[in-house]
Amino acid sequence: MKRLGALGSVLRQLGQAVVVVIGSTLFLSLLLRLLPVGLAEIYAGGFDEASRAARLKELRLDKDPVTFYLLWLRDFVAGDFGPIVSPGGGTTPVADKVGSALPISLQLMFYVQVVALVVSVPLGIYTAYRSGKRSDKAISYGLFTASSIPNFVFGLLLAVFFGVTLAWLPPLGYVSPGENLVEHFRTMILPVASLAIPLIATYTRLLRADVIATLREDYVTMAVSKGLSNKRILFSHVLRPSSVTLFTSFALNMGALMGGTLVIEQLFTIPGLGSEIGIAIFSRQFFALQSYVAILAVGFVLFNTLADIAVGFVDPRTRERRRA
Amino acid sequence: MTALLSIKDLVVRFRTPRGLLEAVRGVNLDIPAGASVGIVGESGSGKTVMSRAAMGLLSGSNVERSGSVMFDGQELSSLDSVQVREYFGTGMAMIFQDPMTALNPVRRIGTQISEGLRVRLGMSKKDAMKRSAELLAKVRIPDPEAVLRKFPYQLSGGMRQRVMIATAIACNPKLLFADEPTTALDVTVQAQILNLLADLRKDLGMSMVLVTHDLGVVANNTDFVAVMYAGEIVEMAPTTELFANMKMPYTEALLKSIPKIDAPTEKRLPVIEGRLPNPTDRPEGCGFASRCSYAQDKCRQDRPELEDAGNGHLYRCWYPLGSTIARKSS
Ligand code: SF4
């Protein structure tokens, strides 16, 4: 019975994943057919009659939309993300682009999450212990204000101020860590900051609220009555039960962060998936776009599933429920 | 006999948005070494706040405390919330009403029992765990080794309360505060826990303060009883004397409200007609006047002081039960 339950929940997750991926890509695929300029025109506009037919056949544009989609889906599942077709007729596999762009995007997200946690955990604890005092109010209002600015506006402000006015940091561009580690970090500071600040605000607020609630718990009073030090009580009794919401939010924000990354990458010209998607849109590489969207959908579902598992790890009660 | 814990003029006030809430209003109480003392009252009577304040567990920027608390020859009220922890575990310990909320849900039983031993007695992790298993056996938990590895939600309510008791007595405290230790439990388990506490007290030579709303609980388990109402002690006597010679109408009302043992758990809280006076705005005169069936005009105007009836029996009433003063029932 127990095993079946665990299996059932995995199957349910998988089912959801499949629905999300198929739903979003099918939607996009059919949407592409509604473009005012036909796909045939876009992909084979400059070709003469003879090669045009061959070209359309090669790109499967001679098929009806549903067959086309199903064939694309089959290839996608097999790991073939389709071609990027240059106007001249040459093609590069989308998989190559993904291979170079995806790690850069993931790296950006990783930096953002690490920075957000490193800043918000101490801040959340500090404001909780000082709740209602002036320092708590100042930090809380400050973060709230910062988080109400959309991240691309924030990114733009940061880029102009630190990158142009003060010229302390490169306002845009990307240097890989292998090339020059110091420059790499210098180029990452502004994009990471613009994505991390709203997260810091969210995480700090969540942790603060949970720590305040935990400090009122009987088991904290009990811990005090055992004669433990404040530091020990914080680390062994307060922090873990207080971090469940933070952890959930952390994991769920991986998905949300993908959206933010797309925008910020283009703003700071970081050659990640977001920039590739931008290029695909502007150069009308719709097949590539469809594969990118599918990859994002898979990533989104993956992160949300990991979120569930992570929460179970922090709170043994949910772990038990999952097993039961 | 010198008192192990001596509380003098203890006043506790909370600053609230609705004004100053006076939860404890000048309590004097001595806990002799080796004795078991019951503190009885309805919820809201100040008994829990009083015991936590006496131990020094009330902290927070909205708490005002005054008066003196002497423990084992040391004045505690001059210590701050960190200094007073030197006395926790080894000197004083507390068990709480609801073992579900007083045990940390995300930490194993073994860790929770042993951490006091490690911090307060400086035991190694291994020794502390071994001692924790012995403690679990002492509170009559079968298969202690296995229980050490469990989380609180995996145990029954009675087992959890035993775990909490084991945690509290781990460092051999001289004084154990037990705050409604059986209220959250089934009737049959209640008796077991009370017996366990009585046995442990004898074994370890502990003093105990038993805080409860249930006069039935203190009847068999205490040497001395203090009845609290609206932040004050209204009657205090050796247990046998109190039950033989009850003076306070409030105590009588509490006694009458003791529910039948077979009543469903949620009906077992005492019910006395009327409500406690608003703690931010105390009435003049006797705080019980609005609910007392013996109240006279004098009760509503003048506040009664603690009177000594002899035999160590104190009461706070103008028209005590069993007195010859003529009274008309209203
Ligand atoms: S003083 Fe009066 S009102 Fe108060 S308990 Fe005694 S008889 Fe009742």
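Calculation notes
Residues numbered from 1 in each chain as written. Chains lettered and ligands numbered in written order. Predicted model: local features only at pLDDT ≥ 70, side-chain atom pairs only at ≥ 80, totals over all residues. Heavy atoms only, no water. Domains from an automatic or database assignment. Buried area = accessible area lost by both parts, 1.4 Å probe. Salt bridge = Lys/Arg side-chain N within 4 Å of Asp/Glu carboxyl O. Polar contact = N/O pair within 3.5 Å; in protein donor to acceptor, adjacent residues only side chain to side chain. Helix = DSSP H or I, 4+ residues; strand = E, 2+ residues; numbered from the N terminus. Nonpolar A, V, L, I, M, F, W, Y, C, P; charged D, E, K, R; others polar. Buried < 20%, exposed > 50% of the residue type's maximum accessible area, 1.4 Å probe, protein only. Pairing = 2+ DSSP bridges. Contact = heavy atoms within 4.5 Å. Axes fitted to C-alpha atoms, helices over the stretch in contact; angles between N-to-C directions. Phe/Tyr/Trp six-rings, centres within 6.5 Å; stacked < 30°, edge-to-face > 60°. Lys NZ or Arg CZ within 6 Å of the ring centre and 35° of its normal.

Q: Teacher, can you tell me more about the domain arrangement of chain A here?
A: The figure often quoted for interface size is the accessible area lost as the parts come together. All names here are of chain A. Along its sequence, chain A is carved into domain 1 (19-80) and domain 2 (97-323). Using C-alpha coordinates to define each centre, domain 1 is positioned 37 Å away from domain 2. Summing the contributions of domain 1 and of domain 2, the shared interface buries around 1,400 Å²; its carbon and sulfur component is 78%. For the domain 1 face of the interface with domain 2, the top three residues by lost area are Leu-28, Tyr-43 and Phe-76, together amounting to 34%. Linking domain 1 with domain 2 are zero salt bridges. Our enumeration of links across domain 1 and domain 2 arrives at one residue pair in polar contact (both at pLDDT 80 or more). Contributions of two or more residues to the side of domain 1 that touches domain 2 are made by α1 (2-32), α2 (39-44) and α4 (65-77). In terms of residues, the side of domain 1 that touches domain 2 owes the most to one element, α1, which gives seven residues. Taken together, the residues that form the side of domain 1 that touches domain 2 break down as 15 nonpolar, three polar and no charged.

Q: Can you help me understand the side chain of Thr261(A) in this one?
A: Position of Thr261(A) relative to the elements: it lies in helix α11 (residues 244-267). The exposure class of Thr261(A) is buried, given its relative accessible area of 2%.

Q: Please explain the sheet that holds strand β5 (residues 74-75) of chain B as it appears in this structure.
A: All names here are of chain B. The four strands lie next to each other as β2-β1-β4-β5, forming an open sheet whose pairing is antiparallel. Either end of the sheet is taken by a strand with one partner, and the two such strands are β2 (19-32) and β5. Looking at chain direction, strand β4 (residues 63-71) and β5 are connected through two bridges and run antiparallel. Bridge pairing links Met-70 to Glu-75 in β5. Of the strands in this sheet, β1 (3-16), β2 and β4 are in contact with helix α1 (residues 47-55), which crosses β1 at around 115°.

Q: Help me out: how do you make sense of the interface of chain A and chain B in this one?
A: Across the contact, 24 residues belong to chain A and 28 residues belong to chain B. Regarding the contact of chain A and chain B, the summed buried area is about 2,300 Å², with carbon and sulfur atoms giving 59% of it. Across the contact surface, chain A and chain B share two salt bridges. For Arg232(A), the salt bridge identified is with Glu115(B), shortest N-O distance 3.8 Å. Run the count over chain A and chain B and you get 11 residue pairs in polar contact (both at pLDDT 80 or more). Listed by contribution, the elements that provide at least two residues to the side of chain A that touches chain B are α9 (218-225), α10 (230-242) and α14 (316-323) of chain A. Ranked by residue count, the leading element in the side of chain A that touches chain B is α10(A), at seven residues. Residues of the side of chain A that touches chain B, tallied by class, amount to eight nonpolar, seven polar and nine charged.

Q: For this particular structure, what's the right way to read the environment of Val119(B)?
A: All names here are of chain B. On the secondary structure map, Val-119 appears in helix α3 (residues 109-121). A relative accessible area of 31% means that Val-119 is categorised as partly exposed. Between the C-alpha atom of Val-119 and that of Gln-83, which follows or precedes it by 36 residues, the distance is 15 Å.

Q: Just to check I follow, could you spell out the packing of aromatic side chains for this structure?
A: What characterises a pair of aromatic rings is the spacing of the ring centres plus the angle enclosed by the ring planes. Under the criterion given, the structure shown has 14 aromatic pairs over all chains. Geometrically, the ring pair formed by Phe161(A) and Phe162(A) is edge-to-face, given 5.1 Å between the ring centres and 80° between the ring planes. Taken together, a centroid distance of 5.1 Å and an interplanar angle of 75° make the contact between Tyr250(B) and Phe288(B) edge-to-face. Taken together, the residues span a long stretch of sequence, with Tyr250(B) in helix α10 (residues 249-256) and Phe288(B) in the loop between α10 and α11 (297-301) at a distance of 38 residues. Lying across the ring of Trp318(B), Lys298(B) places its NZ or CZ 4.3 Å from the centre.

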